[in-house]
Amino acid sequence: MPKFSLDAALVRQLAGLLDETGLTEIEYATSDVRVRVVRQGVPISVTAPLAPPPNAGAPAATPAEQAASNPDTVTSPMVGTAYLSPEPGARPFVNIGDTVRQGQTLLIIEAMKVMNPLPAPKSGVVRQIFVRDGQPVEFGEPLICVE
Amino acid sequence: MPKFSLDAALVRQLAGLLDETGLTEIEYATSDVRVRVVRQGVPISVTAPLAPPPNAGAPAATPAEQAASNPDTVTSPMVGTAYLSPEPGARPFVNIGDTVRQGQTLLIIEAMKVMNPLPAPKSGVVRQIFVRDGQPVEFGEPLICVE
Amino acid sequence: MFEKILIANRGEIALRIHRACRELGIQTVAVHSTADADAMHVRLADESVCIGPPAPRQSYLNIPAILSAATITGVDAIHPGVGFLAENADFAEMVQEHGFTWIGPEPEHIRVMGDKIAAKRKVIELGLPTVPGSDGPVGPDDDVAALAASLGYPVLVKAAGGGGGKGMKVAHGPEDLDQALSLARSEAKAFFGNDMVYLEKFLGKPRHIELQILGDGQGGVIHLGERDCSLQRRHQKLLEEAPSPALNAEERAAIGARALEAMRTLGYRSAGTLEFLYEDGHFYFIEMNTRLQVEHPVSEWITGIDLVREQIRIAAGGRLGFGQEDVRFQGHAIEVRINAEHPETFVPSPGRISDYHAPGGPGVRVDSHLYQGYRIPPTYDSLVSKLIVYGATRNECLMRLRRALEEYVIGGIETTIPLHRKLIQAPDFLNGDYDIHWLERFVAGDRAA
Amino acid sequence: MFEKILIANRGEIALRIHRACRELGIQTVAVHSTADADAMHVRLADESVCIGPPAPRQSYLNIPAILSAATITGVDAIHPGVGFLAENADFAEMVQEHGFTWIGPEPEHIRVMGDKIAAKRKVIELGLPTVPGSDGPVGPDDDVAALAASLGYPVLVKAAGGGGGKGMKVAHGPEDLDQALSLARSEAKAFFGNDMVYLEKFLGKPRHIELQILGDGQGGVIHLGERDCSLQRRHQKLLEEAPSPALNAEERAAIGARALEAMRTLGYRSAGTLEFLYEDGHFYFIEMNTRLQVEHPVSEWITGIDLVREQIRIAAGGRLGFGQEDVRFQGHAIEVRINAEHPETFVPSPGRISDYHAPGGPGVRVDSHLYQGYRIPPTYDSLVSKLIVYGATRNECLMRLRRALEEYVIGGIETTIPLHRKLIQAPDFLNGDYDIHWLERFVAGDRAA
């Protein structure tokens, strides 16, 4: 009988992913092995010092959080104002459904009066645009989804 | 039929991983074996306002609590001082192993300079005496066990 | 000084006394019912003794149990706190007879002030103003009209046997007097089987203003200024402030001087409070509380005097060591009482505290026995926290109160925090323009809204 | 007055500034790194903006990000807090160039005081006492013996390029001087490749005493008395008190008058601190911090002046409105710094707060961003709470500190609370008998024991 070999590193890696993603459970199976890790409900007290925010208790991540954790989502690299077109009244850099090449400008972030073009990190199709023209954005805010 | 062989070391290793990673559950399966370990979160916060008392975390009740919840235990009906004999130097009212009748005096509680005899609530055999002669007792403190 | 004090109370006030003892290097003994075994003051005390089951009569009002606990723990003195046995003169005497020091006034003073009629007679003798009225029932032969005129309208006709608003009629002028008399008499006859009535000056919109007294029983007496406790619902204070927005320095000094004179004559010892109704610049004594009060922290903050520490020092034979001229009034303080009650229906809300976070930062004091995971027993009163804030001016104090209420989190139960958050928006309150009826109307309007 | 302020900081100081803003009716914008999304000040702020990843250079030190956040939220002013960009004169200028008000001193004053040599030259010009020494490197031709004699022994020979104790030698008398010079020169040569040395008066057991300054930049300047910050470990303050147990009223008035004169000449605006070494009745300027300090609450408590509120008022163009004669010093205050560190090894201890309960009751202030369930990120400094206590006397204050430390619960991480509990038992500390080296010895002795 083959000796059971526990892959502790795999468990640790999954535990790390729980932390990173805010999940409470991960089950991972291949034809050979199946691993499930659980971390019980993050205690409500995490949100103690304030009256619970409107979405408190909702176990699911907010849409913004979901979008931000999607690897296809391009998030803002800086605080600033997002512009979808090169100048007021001009046509937008990209529209939903457009095919873009890696490096093509998706939008502009203005910060400190400097216009910073945001290039597409990979080629693909624009599936979603999360921001409006002229909208202030913070660091890490989801901007656009390119699949 | 093959004997079931428990891999205790594996369970211990998974339990260690629970501690290390802060997980509450790990399930791990291969084609041959499936193991699931769970630790329910003991809410430490119940004892928050003080440094944990010496026995904090011990899930079992203290001996005094166990004794107090035993229906054969006679607890103190008042705060005061327990005396095991009618006067200093006299023989005690009862000894361990004695058979007592219902209503027979088991000991005296002095409160406010008044001697209050404590009668046996039922007939039986004295199994344990929890207090020493002259010991201060609080309300509800276990005094004697009559089975 | 004492080495060990027994605290014959529970909740936030027991914790308050524990803190004062620790700061004087005195050991504490907590006595508690079975329902309070996990209470904060029990956990912090040096020793604790369970004195009985949850029912107060069998625990916190159980005199033999408390004295036995004092005996077996060998304490020097007993502090009764607020409520329970704090104004029980017999208990005070028994404490002394058993050889312990009573941290409170002379039992004789507790007794006389505990009887409404004796208290009124006593303070008149001591020169304090009371609500003027007929000295006894007015009969058919008395010149009621002349008496009413001398009291000044409006006057109140009150059934001698009465209570609860029954058999009470207001005459706003001489033309109303006969009708008020006959209505009150017939109601009194119908409800109490006795048609005797009193006459009393009627106060339409008084404020509740009280004066904090501290005496050493050796000739030293000071007052710590007044507290305005007009914000009441069903005679329960919800918010207290010092100084009163209605008083000026002359009025404060005048009533203070009369009170000091009275208390010096009485030879009063320990902390005490003279409660007055106040209307149109006049004070009318209603009662004296011969104990610490729940709202004592506001007076502590504007004077810098620690009342519980002083009570203990004085009980140990200490003198005040300073006079009224040394008492400096500085800034403004407000206490809000946070009760475990629904903020609109006031239905009690005992239960487990799932989240607890007290406000911090400058000018904020929290006296509370709550902690995360604590279970509020349903047996006792609903006061679970006192939030006290201080500011250099009343406006600063109000702004700080607002910010502290924003920070305060008590989860798992209902509390009156939302009511206080609304109160702090009310223009009348912000302007200091309220009397003892104001809060009832505010709460009623709020619920109708 | 401002309508909205951006707080360019994190942790307890960001919360402190938020509280001051709320009490002035000003809205707050919190900027934070991704590691601080759940931080207390972020949750309490009216608005929040994530400005970058955890690394301070990319977030709290990221000037473009902070200015962009100010732009998109439309704030009137920026408060830099303590640390990070608080003493960055370029940042202060950029804030102003972008049309925001800088809540702090003139950039020019930040700049001059940020340069040790320029600062020393400046304050000498302003008439403040500094550590006497050679004006520059002493060469082989200088009459070092005469200079040393004029400074008074002991004297310190110091490598010009040096630091960290290397190339520093003490000469206790003329007989040691030659050897000290040659040793320091050869060490300086070995370590810094430059054998130039300075001469300076050596202070063997100085106290660190600093003076809190507040100016309005319009001629009004006051000081809030001194703080004694001698209890340091590796130049990190662990406990501060005001007033200093070592100073008397004359010394306080004398150094205060010199400092006021200097600051008035400088035209200093906002809060600032003059740091001195103090030995044998003499003060020696070491540096000026042109910002709020962590330990500002002790000065606030003994004077009743809210420093953050005043910073904001002054930045908005307000005048002080009172003079030094109106500043009354009352009572005693102590701050203890509670760090997320092992109390004996001082190893940082970030992690999740499993239990949190702050002390309450009279005379206790807690400035902390902790809450139960909060996770302290490993990225930033370890200060997690400031416990500040007040008493009418130093002894009352010490007793209250002891009691408050008994009550404070922070679970899930290691903190310096146990160290403070030991400190409060140490006779030297209780007697106020300590210098800047005392705590290092206490900690070392403690670990050896």
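What you see is a predicted model, and the numbers here were worked out from it, not measured in a lab.

Student: Help me understand the overall build of chain C, please; the structure alone is not making it clear to me.
Tutor: Tallying secondary structure elements over chain C gives 15 helices and 20 strands in all. The globule rule puts the C-alpha radius of gyration for 449 residues at 22 Å, and the 23 Å found for chain C is close to it. Viewed in the frame of its principal axes, chain C has a C-alpha envelope of about 65 × 55 × 45 Å. Here chain C, with 449 residues, has 61% of them falling under the buried criterion. A fraction of 66% describes how many contacts in chain C between residues 6 or more apart in sequence connect residues 24 or more apart. If you sum the accessible surface of chain C, you get close to 16,500 Å²; carbon and sulfur atoms cover 49% of it. When the 46 basic and 60 acidic side-chain charges of chain C are each reduced to a single mean position, those positions are 4 Å apart.

Student: Before we go on, may I ask you to explain the side chain of Thr-303 of chain C in this structure?
Tutor: Residues and elements named next belong to chain C. Residue position: Thr-303 is located in helix 10 (residues 296-303). A distance of 2.7 Å separates a polar atom in the side chain of Thr-303 from the backbone oxygen of Ser-299. When near neighbours in sequence (up to four residues on either side) are disregarded, Thr-303 contacts Leu-224, Val-327, Arg-328 and Phe-329.

Student: What is the right way to read the domain arrangement of chain C from this model?
Tutor: By a frequent convention, interface size equals the accessible area lost on bringing the separate parts together. Domain annotation of chain C identifies domain 1 (4-103), domain 2 (132-201) and domain 3 (207-448). Taking only C-alpha atoms, the centre of domain 2 of chain C and the centre of domain 3 of chain C are 34 Å apart.

Student: When you look at the packing of helix 1 (residues 11-23) of chain C against helix 12 (residues 394-407) of chain D in this model, what are you seeing that I'm missing?
Tutor: Working note: a packed helix pair is described by the angle between its axes plus the distance between those axes. Remark: helix 1 of chain C packs on helix 12 of chain D, axes separated minimally by 8 Å, with the N-to-C direction vectors making an angle of 130°. Relative to helix 12 of chain D, helix 1 of chain C is oriented oblique. When the axes of helix 1 of chain C and helix 12 of chain D are compared, the crossing they make is right-handed. Taking contact as the criterion, the partners of Arg-19, Arg-22 and Glu-23 of chain C in helix 1 of chain C are, on helix 12 of chain D, Met-399, Arg-400, Arg-403, Glu-406 and Glu-407 of chain D. In terms of residue class, the contact of helix 1 of chain C with helix 12 of chain D is made up of one nonpolar, no polar and seven charged.

Student: Would you mind going over the interface of chain C and chain D with me for this structure?
Tutor: Taken together, the contact pairs 31 residues of chain C with 31 residues of chain D. Roughly 2,600 Å² of surface becomes buried between chain C and chain D when both sides are summed, with 49% attributable to carbon and sulfur atoms. Interface area lost by chain C to chain D is led by Arg-19, Glu-23 and His-357 of chain C, which between them contribute 22%. At the boundary of chain C and chain D, one finds 12 salt bridges.

Student: Got a minute to help me understand the confidence of the model for chain A in this structure?
Tutor: Parts of the model with low pLDDT should not have their predicted coordinates read in detail. On average, residues of chain A score 77 in pLDDT, and 72% of them reach the 70 mark or higher. Confidence scores differ between elements of chain A, with strand 1 (residues 25-29) of chain A showing the lowest mean pLDDT of 71 and strand 5 (residues 99-100) of chain A the highest of 95.

Student: Explain the pairing of strand 9 (residues 207-216) of chain D to me, please; I cannot follow it from the model alone.
Tutor: On a regular strand, each side chain points to the face opposite its neighbour's, so the side chains alternate between the two faces of the sheet. Residue and element names in this part refer to chain D. For strand 9, the tally of buried residues reaches 10 of 10 residues, placing the bulk of the element in the interior. Of the two faces of strand 9, both are covered, the one formed by Arg-207, Ile-209, Leu-211, Ile-213 and Gly-215 as well as the one formed by His-208, Glu-210, Gln-212, Leu-214 and Asp-216. Sheet topology places strand 9 next to strand 12 (residues 269-279); 10 bridges connect them, and they run antiparallel. Following the sheet pairing, Gly-215 is matched in strand 12 by Ser-270. Sheet analysis places strand 9 next to strand 10 (residues 221-233), joined by six bridges and oriented antiparallel. Looking at the pairing, Ile-213 lines up with His-223 of strand 10. Following strand 9, the chain reverses through four residues before pairing antiparallel with strand 10; Gly-217 in that reversal takes a positive phi of roughly 70°.

What counts, and where the lines are drawn
- Residues numbered from 1 in each chain as written.
- Chains lettered and ligands numbered in written order.
- Predicted model: local features only at pLDDT ≥ 70, side-chain atom pairs only at ≥ 80, totals over all residues.
- Heavy atoms only, no water.
- Helix = DSSP H or I, 4+ residues; strand = E, 2+ residues; numbered from the N terminus.
- Rg over C-alpha atoms; globule rule 2.2 N^0.38 Å.
- Buried < 20%, exposed > 50% of the residue type's maximum accessible area, 1.4 Å probe, protein only.
- Contact = heavy atoms within 4.5 Å.
- Areas by Shrake-Rupley, 256 points an atom, 1.4 Å probe, with all protein chains shown as cover.
- Lys, Arg positive; Asp, Glu negative; His and termini not counted.
- Charge placed at Lys NZ, Arg CZ, Asp CG, Glu CD.
- Polar contact = N/O pair within 3.5 Å; in protein donor to acceptor, adjacent residues only side chain to side chain.
- Domains from an automatic or database assignment.
- Axes fitted to C-alpha atoms, helices over the stretch in contact; angles between N-to-C directions.
- Parallel < 35°, antiparallel > 145°, perpendicular 65-115°, else oblique.
- Left-handed = near helix turned anticlockwise from the far one by under 90°.
- Nonpolar A, V, L, I, M, F, W, Y, C, P; charged D, E, K, R; others polar.
- Buried area = accessible area lost by both parts, 1.4 Å probe.
- Salt bridge = Lys/Arg side-chain N within 4 Å of Asp/Glu carboxyl O.
- pLDDT = per-residue confidence, 0-100.
- Pairing = 2+ DSSP bridges.

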